[in-house]
Amino acid sequence: MILTDTHTHLYSDSFEEDRDRVIKKAIEQGVSRFFIPAIDSTYAKAMYDLEVLYPQNVHLMMGLHPTSVKENYKEELSFVASELQRRSFVAIGEIGVDLYWDKSTLGIQQEAFQYQIQLAKKYKLPINIHCREAFDEVFEILELERATDLRGIFHCFSGTEQQALQAIDLQMKLGIGGVVTFKNGRIDQFLDKISMEHIVLETDSPYLAPVPYRGKRNESAYIVQVAEKVADIYNVSIEEVAKTTTANSKAVFGI
């Protein structure tokens, strides 16, 4: 059984003391594919160092996280563009709009999001979308950039059934993580109406640990709990969930 974590921040300082143990533990649980989103230029070295240690398992994205879109965002976007020119990545991400922390930067967040989608088109790469309290604002840009060759993942999807269908119509997979195990997560109420071909699994570790680890540091190994919940929702085996969602991840990332 091969499980794929399509979104994990394994380079985070949260894993500074036991990163190797955490990764080996996940691999032992069958989680052998780790897709690593970028945040901003200050994390690049940590990402590259991680890739050197686990070249067969770790796959890097490049992008500017919406909460890092600040006064110097044009410099950060230049860094993203130069890195994409310099070496290969599996996706542009994580990119999008976050209005939970700062609504005043909406304009430049959308500008950065659109620019990075255009980079994804240029390099024929998928996108990995961060959306927090900003579905309308994210969909606005996605509709502007809608294209037959644009694909990706709606990371940590927490919207409604209608928003799920809208994302799927835009050729996005739904990233399902720990939220699906929460009593107030809501997506478990309609997920079985969405074909499993449209979802992928993720942890967003070290954040959003699933039940029974909620409130603690999340790890890629805990994607097993997410897969078990998804199997329960769809009334299939965890092996079927692993097989389908890993195939879906390969369809997105090409590897």
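Before any of the text, the structure's been laid out above.
On a predicted model such as this, the values are computed, not experimentally measured, just so you know. (Residues numbered from 1 in each chain as written. Predicted model: local features only at pLDDT ≥ 70, side-chain atom pairs only at ≥ 80, totals over all residues. Heavy atoms only, no water.)

(A) Fine view of the pairing of strand β5 (residues 127-132). Of all the 6 residues making up β5, 5 are buried; the element is thus mostly covered by neighbouring parts of the structure. Looking at chain direction, strand β4 (residues 91-98) and β5 are connected through 6 bridges and run parallel. For D98, the partnering residue across the bridge sits in β5 and is R132. Between β4 and its parallel partner β5, the chain crosses via helix α4 (residues 106-123), and the hand of that crossover is right-handed. Pairing of β5 with strand β6 (residues 152-154), which is carried by 3 bridges, proceeds in the parallel orientation. Within β6, the position partnered with I129 by the bridge is F154. (Buried < 20%, exposed > 50% of the residue type's maximum accessible area, 1.4 Å probe, protein only. Helix = DSSP H or I, 4+ residues; strand = E, 2+ residues; numbered from the N terminus. Pairing = 2+ DSSP bridges. Right-handed = clockwise from strand over helix to strand, strands pointing away.)

(B) View of unusual backbone geometry. Cis rather than trans, the peptide bond between S205 and P206 has omega equal to 15°. Here P206 shows up in the loop between β8 (199-201) and α7 (223-234). For R186, which is not a glycine, the phi torsion comes out positive at approximately 75°. Mapping R186 onto the fold places it in the loop between β7 (172-176) and β8. Although it is not a glycine, D204 adopts a positive phi angle of roughly 60°. Considering the arrangement of structural elements, one finds D204 in the loop between β8 and α7.

(C) Representation of the packing of helix α5 (residues 135-144) against helix α6 (residues 161-169) within the structure. Here α5 crosses α6 at 20°, and the two axes come no closer than 11 Å. Taken together, the axes of α5 and α6 are roughly parallel relative to one another. Between α5 and α6 the crossing geometry is left-handed. Only Q163, Q166 and A167 of α6 make contact with α5, whose side of the interface consists of F135, F139 and E143. For the contact of α5 with α6, a count of residues per class yields 3 nonpolar, 2 polar and 1 charged. (Axes fitted to C-alpha atoms, helices over the stretch in contact; angles between N-to-C directions. Parallel < 35°, antiparallel > 145°, perpendicular 65-115°, else oblique. Left-handed = near helix turned anticlockwise from the far one by under 90°. Contact = heavy atoms within 4.5 Å. Nonpolar A, V, L, I, M, F, W, Y, C, P; charged D, E, K, R; others polar.)

(D) Local environment of the sheet that holds strand β3 (residues 58-62). With respect to topology, 8 strands assemble into an open sheet ordered β1-β2-β3-β4-β5-β6-β7-β8, the strand pairing being parallel. Every interior strand has two partners, whereas the edge strands, β1 (3-5) and β8, have only one. Strand-to-strand, the axes of this sheet are offset by a mean angle of 30°, without reference to chain direction. Bridge count between β7 and β8: 3 bridges; the pairing is parallel. Across the sheet, the residue bridging to L174 is I199, located in β8. Contacts from α4 reach β4 and β5 within the one sheet, and its direction differs from that of β4 by about 160°.

(E) Structural view of the pattern of salt bridges. A full pass over the atoms with the stated rule returns 13 salt bridges. Residue E83 pairs with R86 through a salt bridge whose shortest N-O separation is 2.8 Å. Taken as a pair, E83 and R86 lie in helix α3 (residues 73-86) at a separation of 3 residues, close to a single helical turn. Note on E83: relative accessible area 8%, which makes it buried. Across the pair E219 and R217 runs a salt bridge, and its minimum N-O distance is 3.1 Å. Judged by its relative accessible area of 26%, R217 falls in the partly exposed class. One continuous salt-bridge network, built from bridges that share partners, spans D18, R21, K25, R217 and E219. (Salt bridge = Lys/Arg side-chain N within 4 Å of Asp/Glu carboxyl O.)

(F) Structural context of the packing of aromatic side chains. As enumerated under the stated definition, the model contains 10 aromatic pairs in all. Taking 5.7 Å as the distance between ring centres and 15° as the angle between the ring planes, the aromatic pair formed by F135 and F154 counts as stacked. In this pair, F135 sits in helix α5 while F154 sits in strand β6, placing the two residues 19 residues apart along the sequence. Consider the rings of F154 and F157, whose centres lie 5.8 Å apart with planes at 85°: the pair is edge-to-face. With relative accessibility at 1%, the residue F154 sits in the buried group. Three or more aromatic residues joined by ring pairs make a cluster, and in this case those are F135, F139, F154 and F157. One cation-aromatic arrangement involves R87 over F89; the distance from NZ or CZ to the ring centre is 4.5 Å. Above the face of the Y100 ring, R132 is positioned so that its terminal group lies 3.6 Å from the ring centre. (Phe/Tyr/Trp six-rings, centres within 6.5 Å; stacked < 30°, edge-to-face > 60°. Lys NZ or Arg CZ within 6 Å of the ring centre and 35° of its normal.)

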